[in-house]
Amino acid sequence: MTRSNGGIRVVVLCARALLGAAVVLCSPFPAFTSSAHADERAQRVLILHAYNYTFPATSMAADGARERLLQRSPKKIELDAEYLDLVRFSEPGHEQLMANFLRERYAQRRPDVVLAVSGEALPFVIKHRDAFAPGVPVVFIGISREAYASSPPPPDVTGHLVDPESNFSETLALAEGLQPDARRLFVIAGAAPTDRRWQTTARTVIDSRARKFEMTYLFELPYDQLLAEVSRIPSDAIVIALTVLRDGAGKPFVAADVASKIANTSKAPVYYPYISAVGKGVVGGYSETFDSMGRAAADIMLEILGGKDPATIPPRTNPETGYRVDYRALQRWNLSESNLPPGTVILNKPPSIWEEHRNLVLAALAVFALQTAFVAALLMQRHRRRRAELLLKESEERMTVTAASANIGLWQFNPESQELWATEHCRTLFGLERNVPLTRDSFLKAIHPEDRELAISALRSAASGGRPSVQDVRVVQPEGSIRWVRVRAQAHPGGGADPGQLSGIFVDLTDQKTAESEAALQRQEVAHLMRVSVLGELSGAIAHEINQPLTAILSNAQTALYLLARDSPDLAEIREALIDIVHEDNRAGQVIQRLRGLLKKGEKSFEEIDVNELIKSTRSLLNSELIARGVSLETELENSLPATFGDPVQLQQILLNLLMNAMDAMSATPAAERLIMVSTRSAPGGGIEVLVRDRGPGLRPEEEARVFEPFYTTKERGLGLGLTICTTILQAHSGKLSLTNGDAAGAVAVLTLPAQEMLIAAQ
């Protein structure tokens, strides 16, 4: 096809206009240069496109290279781009026209690297480089391995290689995997030099494969005829579309547009070894993205701009080549994703809910997780609370059973609400019927009237004093029997306005009180027996003590009778005799009264006691015994001694016991040395002390610790109960007794009694 010179000039003008437009369109490139590098010399890169600016593949490759250069170049980069449009303007003289244009344009703006985009641009650059960029390294994009091998460029020319044979072979493998039952294969290519290289590659690959198809090559057909043939392809066939840059009629096309048209016309899936048609109807293929091609070339240019000799940089392929398919085409042809090779990139696939609403899903999951955690925490807390309640209930039941087994009742009282909680055993202790409510008044009503005020005082003391209070009270059972109950109360102060609570226990003391009463009776019996025993020992002395006043009475009576028998009786002498009779009778009566008191058995009778008088009375009772044993008794009694309060019979029994022990201890003492010294004095801190000293052998060391043990005695015929009974009696009188060796000799018994004032204060 030929054109006139006028037509050529029009085309040249149009080309210049387009180049000018391209320069205007490319004007953003310098803008990418950073102002921060304004004071540095910029490194210039000249990008030469084989096609015009409407060719998307080269534009994407140039964009990829530009972005990589601007991102990674340590120096300022200035980019210029020119569109050679070599395919559309194939007329003679076009290349020279473009070479002249570049020479004039870049005479003062010499590039550091020239980037030739596509296989058509590289021959032009090699042929005309000396015109516009003499000696400048050249980097190319998209040169097939076969073209590079058949016509190797100069050493300073390197760049990015494509491997059409591999791309076609892998694309065919992809089609075989997706359509394993296909038996027919259609391969389509145009009439441009690039198209024809694809034809050769396709035939070579197909012939080399083991699997054989029923082949149909639709090469170099006019565009309309090609579409007509495509429309008749059966649906079970495999169609691989290659580049159609120019059809059989010489008409130029954009290859991606032709591939898209073929895909939308064919009844069978169409595969294409370029990414540019993916998403426009073709299924996909084994390809590389054009921007990745640009990045691969940019990496080489960065090495050259960094000072590396281009002759040492061999051409390299793009590591990002791989399978890329269109999801919508897979769905259209019902091709299964499971048949795709591993690592296939699926484009245009609708994002999943996770991909589309990731943040929302994460937020929802977070809220759900928080709610779940919160609910789990509540459930766990509820479980723990129920377990704690169960354990508390079991513990309470065990405690109640244990307390009931120990005859103890538990109670708790809230003074503010007047609510009383008590175990069932409390009801039993107080004899409350089942229909009687457990209230404070019902418990107080069951207490003996004489002890009720004691119980109320104990509760008040615990509530006000904050210290535990204990009080033993009697409870009247419904049948009239008495049960002793110990009330133990303790306050638990609350916080702030809360008055706190009062709690405690009821302990059944009936058996204890009964045992104590029986023990007290036994002690009384033993004490009485001991007194009788002492009196038995003193029987001779007592008889002599009584016989003396009787003898005096007889003598005075005989004297009175003799005086009355006179004619003139002396009435004054008779009166004196009668007075003596009355005195002696009183004396005998007092002895008998003291004996009756000692022999008396019964309850204790407490009264105010003058200890000195008690000692004198006891001395009188023992007077004959002292004489009979040859023992002297001296007293040192403090005149200002306070009175005490107690049972005179029991206290006199103690004095008798101590004095009898002192006389027994001096049985081996020479008669001239037998002396008992009884003294009284005020005890330190109040109280009364009675000291009984003898001149016996004293206590041996082993005896000092055992003299108060029951049934331990140092006497040959003793029972060992005297001092034990004395101690028990003194404890009932809040007194005490000790027995030690004297400073000089003998033993000293010290009897301590509280003064009456002390007892009153204690009560």
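Residues numbered from 1 in each chain as written. Predicted model: local features only at pLDDT ≥ 70, side-chain atom pairs only at ≥ 80, totals over all residues. Heavy atoms only, no water.

A word on the nonpolar core
By size, the foremost hydrophobic cluster in this structure holds 81 residues, and its most contacted members are V114, L115, F124, I262 and M301. Per element, the largest residue contribution to this core is 9 residues, and it comes from helix α11 (residues 290-305). Ignoring anything within four residues of it in the chain, the contact list for V114 reads L46, L48, V125, F132, A133, V136, P137, V138 and V139. Listed in part, the 45 residues of the second largest apolar core include I609, L626, M663 and M666. (Core = buried A, V, L, I, M, F, W, Y, C linked by side-chain atoms within 4.5 Å. Buried < 20%, exposed > 50% of the residue type's maximum accessible area, 1.4 Å probe, protein only. Helix = DSSP H or I, 4+ residues; strand = E, 2+ residues; numbered from the N terminus. Contact = heavy atoms within 4.5 Å.)

So, the sheet that holds strand β22 (residues 675-682)
If you walk across this open sheet you meet the 5 strands as β20-β22-β23-β25-β24, and the pairing is mixed. Bordering the open sheet on either side are β20 (632-636) and β24 (736-741), each of which pairs with just one other strand. Between one strand axis and the next, the sheet turns through 15° on average, direction left out of account. (Pairing = 2+ DSSP bridges. Axes fitted to C-alpha atoms, helices over the stretch in contact; angles between N-to-C directions.)

Considering the sheet that holds strand β5 (residues 157-162)
The 6 strands are arranged β2-β1-β3-β4-β5-β11 in an open sheet whose pairing can be described as parallel. The open sheet terminates on both sides in strands that have one partner only, identified here as β2 (77-83) and β11 (316-317). Relative to β11, β5 runs parallel, the two sharing 2 bridges. From the neighbouring strand, H160 faces β11, where its bridge partner is R316.

With respect to the pairing of strand β15 (residues 419-422)
Only one face of β15 is covered, namely the face carrying L420 and A422; the face carrying E419 and W421 is uncovered. As judged from the 4 bridges shared by strand β14 (residues 408-414) and β15, these two strands associate in the antiparallel manner. Within β15, the position partnered with W411 by the bridge is A422. What sits between β14 and β15 in their antiparallel hairpin is a turn of 4 residues, with Q418 showing a positive phi close to 60°.

Topic: helix α7 (residues 164-178)
Here α7 is 15 residues long and its end C-alpha atoms lie 21 Å apart, about the 21 Å a rise of 1.5 Å per residue gives. Of the positions making up α7, those classed as buried are P164, N167, F168, T171, L172, L174, A175, E176 and L178. (Expected span 1.5 Å × (residues − 1).)

Focus: unusual backbone geometry
Backbone geometry at E220 places phi at a positive 55°, although glycine is not the residue there. Turning to its location among the elements, E220 is positioned in the loop between β7 (214-219) and α9 (223-231). For E220, a relative accessible area of 30% translates into the label partly exposed. Positive phi is not limited to glycine here, since N348 has a value of about 60°. Following the sequence through the fold, N348 ends up in the loop between β13 (345-347) and α13 (353-356).

Some remarks on empty space enclosed by the protein
As enumerated under the stated definition, the model contains 3 cavities of 30 Å³ or more in all. Of the pockets and cavities examined, the largest cavity occupies roughly 160 Å³. Lining the largest cavity are 13 residues, and of these R440, F443, L444, L459 and F506 sit closest to its centre. Only β14, α16 (440-446), α17 (449-465) and β18 (501-508) provide two or more residues apiece to the lining of the largest cavity. Among the elements that take part in the lining of the largest cavity, α16 stands out by supplying 3 residues, more than any other. (1 Å grid on protein atoms, 1.4 Å probe; cavity = no way out; pocket = protein on both sides within 12 Å on 5 of 7 lines; lining within 4 Å. Points joined across faces, edges and corners; volume = space filled by probe spheres on them.)

Points about the packing of aromatic side chains
Per the counting criterion, the structure on display carries 12 aromatic pairs. Ring plane angle 10° and centroid distance 6.3 Å describe the contact between Y274 and F290, whose orientation is recorded as stacked. Of the two residues, Y274 is situated in the loop between β9 (270-271) and β10 (284-287) and F290 in helix α11; the sequence distance between them amounts to 16 residues. Of the residues examined, Y274 reaches a relative accessible area of 22% and is grouped as partly exposed. Accessibility expressed as a relative area gives 6% for F290, which makes it buried. R203 extends its terminal NZ or CZ atom over the ring of Y217, reaching a point 4.2 Å from the ring centre. (Phe/Tyr/Trp six-rings, centres within 6.5 Å; stacked < 30°, edge-to-face > 60°. Lys NZ or Arg CZ within 6 Å of the ring centre and 35° of its normal.)

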